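Geometric and topological summary
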Amino acid sequence: MAEIVLGVSGGIASYKAAELLRLFTESGHGVRVVPTASSLHFVGAATWEALSGRPVQHEVFEHVDEVAHVRIGQSADLVVVVPTTANLLAKAAQGLADDLLTTTLLTARCPVVMAPAMHTEMWEHAATRANVATLRERGVVVLEPAVGRLTGKDSGKGRLPDPGQIFAAALEVLAGRPTDLSGRHVVVSAGGTREYLDPVRYLGNRSSGRQGYALAEAAAARGARVTLVAANVELPDPAGVDVVRVVSTEDLRHAVLAASAHADAVVMAAAPADFRPAEFVESKIKKTGDGVAPDVKLVENPDVLAELVRTRTSKRPVVVGFAAETGDANGTVIEHGRAKLERKGCDLLVVNDVSAGKVFGSEQNEAVLLGADGSVAEVPVGPKIDLAHAIWDTVVHRMDW
Ligand code: CTP
């Protein structure tokens, strides 16, 4: 079990760190809470001592004989700062060390995860952007704040991600995943698009979005800035990820192309509908009563993956496609995958065998990763998060810029 330092800086979201602390202790980890002085205005030391079962101090001049400011950082397996204020981001980026938490951040040699929470204006300020970029370059996993209700009546980006999601991200980091996507921007599409015939009916597909969400979660844990383009997915947002919601293939195309302009990698895990009704009927289509069903004329949707490949100017971004295949008289699953890889021109194709309802909605997945360079790697059946990491392992080697 790991030794975790839970840093708490002073924001209204400080109380949410208590839930994270419980998640850590209930799963057997030892937690030492190191609050900043201002966070104690929001949650007092007594709460942290009771929940962690450990003494709590925030200054370097308490228990000086124990040299706590060095020892706590040195003996930690993971430091998680929840919430991280704009002030703490600035101090950490500059290497200031004027209390126990900031000295701990300088002495720690283990992974560090920060979950910022602040008002949208503060998060978007050039100074904060620069501090986050500096910290990410140094390998700190700075999660993207969530979008939602902020302290007052306002809402926007800056909300602390759900503690359960921060917990999941922290466990990923603790599992020793490399932070090799630090400083990178990746785009992941997930889910299945819907093409409406009228206000209530649509053409859709069975994609749950789980594999795309696992890819986004894995990339965030490896330090990337992640844009997740989600088509009709009913899963909680992964921590530290920018989520853009879309409905149709055309919406998805816009969102993916816009986010990909300066991205390092794009993974198209979504299942966009290939066809849409030629026209959208503004009011609900009624039965005629004579037993004759309406004719629905379909037109083809743009192929987003192929467009991504066509419009990039160099090998950047790395483009990854997915192929759900079934073997048939014309070829095996792999043969169909190889043909699709060539047709689409992407760098990597993740081939799933979907015969007999495998993969859809399941927590497990298995795949073969086909590279445009001829490489073939089989990923055995396992949790979707493992396949996600196997895909990033392959993608990261193709980012030679
Ligand atoms: N894809 C896309 N835009 C579409 C359809 C698919 O970007 N309109 C992407 C998917 O996200 C996936 C890959 O293309 O990464 C493979 O999709 P698939 O539908 O299997 O490929 P198709 O070329 O449509 O082949 P098939 O005829 O086998 O359906």
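Description of the structure in this document. Because the structure is predicted, anything quoted here is derived from the model rather than measured.

Thresholds applied
Residues numbered from 1 in each chain as written. Predicted model: local features only at pLDDT ≥ 70, side-chain atom pairs only at ≥ 80, totals over all residues. Heavy atoms only, no water. Core = buried A, V, L, I, M, F, W, Y, C linked by side-chain atoms within 4.5 Å. Buried < 20%, exposed > 50% of the residue type's maximum accessible area, 1.4 Å probe, protein only. Contact = heavy atoms within 4.5 Å. Pairing = 2+ DSSP bridges. Helix = DSSP H or I, 4+ residues; strand = E, 2+ residues; numbered from the N terminus. Axes fitted to C-alpha atoms, helices over the stretch in contact; angles between N-to-C directions. Near = heavy atom within 4 Å. Polar contact = N/O pair within 3.5 Å; in protein donor to acceptor, adjacent residues only side chain to side chain. Areas by Shrake-Rupley, 256 points an atom, 1.4 Å probe, with all protein chains shown as cover. Nonpolar A, V, L, I, M, F, W, Y, C, P; charged D, E, K, R; others polar. Phe/Tyr/Trp six-rings, centres within 6.5 Å; stacked < 30°, edge-to-face > 60°. Salt bridge = Lys/Arg side-chain N within 4 Å of Asp/Glu carboxyl O.

**Notes on the nonpolar core**
- Core analysis: the biggest nonpolar cluster contains 37 residues, and Val-186, Leu-215, Val-226, Val-320, Ile-391, Trp-392 and Val-395 have the highest contact counts within it.
- For Val-395, the residues in contact, after removing those within four places along its chain, are Ala-265, Val-318, Val-320 and Leu-348.
- Ranked by size, the runner-up nonpolar core spans 31 residues in total, among them Leu-6, Ala-18, Phe-24 and Leu-143.

**Side note on the sheet that holds strand E17 (residues 348–353)**
- One open sheet accounts for eight strands, arranged E12-E11-E8-E13-E16-E17-E18-E19; its pairing is mixed. Unpaired on one side and paired on the other, strand E12 (242–246) and strand E19 (376–383) mark the two borders of the sheet. Direction aside, the axes of adjacent strands within the sheet are offset by 20° on average.
- Where strand E8 (residues 185–191) lies against strand E13 (residues 265–268), four bridges are found, and the strand directions are parallel. Looking at E13, one finds that Ser-189 is bridged to Met-268.
- Packed on one face of the sheet, helix H12 (residues 333–344) meets strand E16 (318–325), E17, strand E18 (364–371) and E19 and runs near 150° to E17.
- Packing of helix H13 (residues 384–396) onto the sheet brings it into contact with E8, E13, E16, E17, E18 and E19, and relative to E18 it is tilted by some 15°.

**A look at the site of the ligand**
- Around the ligand lies a shell of 13 residues, among which Met-268, Ala-270, Leu-305, Phe-322 and Lys-340 are the nearest.
- Contacts to the ligand include Leu-305, whose backbone N or O atom sits 2.7 Å from an oxygen atom.
- The backbone of Phe-322 places a nitrogen or oxygen atom 2.8 Å from an oxygen atom of the ligand.
- Protein contact buries 75% of the 580 Å² of open area that the ligand shows by itself.
- If you list the elements that add at least two residues to the shell around the ligand, you get helix H11 (304–311), E16 and H12.
- Broken down by element, the shell around the ligand gets its largest block of residues, three residues, from H12.
- Class assignment of the residues belonging to the shell around the ligand gives a composition of seven nonpolar, one polar and five charged.

**A short note on the packing of aromatic side chains**
- Tallied over the full model, the rule gives two aromatic pairs.
- Their ring planes at 65° and their centres at 5.5 Å tell us that Phe-24 and Phe-167 sit as a pair that is edge-to-face. Here Phe-24 is found in helix H1 (residues 16–26), whereas its partner Phe-167 is found in helix H8 (residues 163–174), with 143 residues between them in sequence.
- We classify Phe-24 as buried; its relative accessible area is 0%.
- For Phe-167, a relative accessible area of 15% corresponds to the buried category.
- Aromatic pair Tyr-196 and Tyr-202: ring centres 5.2 Å apart, planes at 55°, arrangement tilted.
- You can call Tyr-202 partly exposed: its relative accessible area is 37%.

**Describing the pattern of salt bridges**
- For the structure on display, the rule yields 19 salt bridges.
- The residue Asp-264 makes a salt bridge to Arg-184 at a minimum N-O spacing of 3.4 Å. Residue Asp-264 is found in the loop between helix H10 (249–260) and E13, and its partner Arg-184 is found in the loop between H8 and E8; the two are separated by 80 residues along the sequence. Each member of the pair, Asp-264 as well as Arg-184, carries the same accessibility label: buried.
- Across the pair Asp-393 and Arg-222 runs a salt bridge whose closest N-O atoms are separated by 2.7 Å. Taken together, the residues Asp-393 in helix H13 and Arg-222 in the loop between helix H9 (210–221) and strand E11 (225–231) connect sequence positions 171 residues apart.

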